[in-house]
Amino acid sequence: MSARPPRRPNAERSAATRAALIDSARRLFTERGYGEVGTEEIVRAAQVTRGALYHHFADKRALFRAVHEQVEEEMVSRISGAMAGIEDPVELLLAGGRAFLDLCEDPSWTRIPLIDAPSVLGWAEWREVDMRYGLGLVSAGLEGAMEAGALQRRPVAPLAHMLLAGMGELGLMIATAEDRAAVRREAEETLVGLIDGLRA
């Protein structure tokens, strides 16, 4: 008689259940939007029980927040990867901006953080997550470029906030455009012009 496979430890099973819920919810929210997806559909897709859902998340909104955090984290990782190896501080900023605009052409990267998150989480909570992930990257890029003498020395915090907000608006324009590629090109021209205007 063959031995039964060993059971995974509780912590491992719990982590796997949570990951399955987030993965399934992310796919469904991306395909149809938060408002069109119910919890029953999520638990079926994740192959878990409703009890498992409510063990890990207080409600659908809390699950959405976890999905949003995951998307933001992965976006920052993708953008950081596109910036790797670039030494010129202004080109580093532009590479990060271009990588973000590239992601905005793909609805799988924009539906959750740019379209649904502000209304689902509310402006304050959505902004807190956005600032936590994006603001550090933008601030570091600006500070590095100023330290190198490539950009005019200005207060970093307000400039970083302004640039991050502008990038969000450009991303939303791309995400909701009929011709995303055309709007993406216009957005890049605008971004390059803005950064060039800050050069020392």
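Heads up: the structure comes first, above all this text.
Residues numbered from 1 in each chain as written. Predicted model: local features only at pLDDT ≥ 70, side-chain atom pairs only at ≥ 80, totals over all residues. Heavy atoms only, no water.

A. Empty space enclosed by the protein, seen in detail. In total, this model carries one cavity of 30 Å³ or more according to the counting rule given. As a volume, the largest cavity reaches approximately 430 Å³. What lines the largest cavity is a set of 25 residues, and nearest its centre among them are Ile79, Phe100, Val138, Leu164 and Met167. Looking at the lining of the largest cavity, the elements with two or more residues in it are α4 (60–83), α5 (89–104), α6 (107–121), α7 (123–147), α8 (156–176) and α9 (180–196). The dominant element in the lining of the largest cavity, judged by the number of residues it contributes, is α7, at six residues. Counted by class, the lining of the largest cavity contains 19 nonpolar, four polar and two charged residues. (1 Å grid on protein atoms, 1.4 Å probe; cavity = no way out; pocket = protein on both sides within 12 Å on 5 of 7 lines; lining within 4 Å. Points joined across faces, edges and corners; volume = space filled by probe spheres on them. Helix = DSSP H or I, 4+ residues; strand = E, 2+ residues; numbered from the N terminus. Nonpolar A, V, L, I, M, F, W, Y, C, P; charged D, E, K, R; others polar.)

B. The arrangement of the nonpolar core in detail. Leu21, Phe29, Leu63 and Leu142 are the most contacted members of the largest nonpolar core, which totals 59 residues. In terms of residue count, the dominant contributor to this core is α5 (nine residues). Leu63 has contacts with Leu21, Ile22, Ala25, Ile42, Leu53 and Phe57, leaving out every residue within four places of it along the chain. (Core = buried A, V, L, I, M, F, W, Y, C linked by side-chain atoms within 4.5 Å. Buried < 20%, exposed > 50% of the residue type's maximum accessible area, 1.4 Å probe, protein only. Contact = heavy atoms within 4.5 Å.)

C. Focus on the packing of helix α1 (residues 10–32) against helix α2 (residues 39–46). The N-to-C vectors of α1 and α2 enclose an angle of 125°; their axes lie 8 Å apart at closest approach. By the angle between their axes, α1 is oblique relative to α2. Relative to α2, α1 is oriented so that their crossing is right-handed. Each of Ala20, Leu21, Ser24, Ala25, Arg27, Leu28, Phe29 and Arg32 in α1 lies in contact with α2, whose residues at this interface are Glu41, Ile42, Val43, Ala45 and Ala46. Grouping the amino acids of the contact of α1 with α2 by side-chain chemistry returns nine nonpolar, one polar and three charged. (Axes fitted to C-alpha atoms, helices over the stretch in contact; angles between N-to-C directions. Parallel < 35°, antiparallel > 145°, perpendicular 65-115°, else oblique. Left-handed = near helix turned anticlockwise from the far one by under 90°.)

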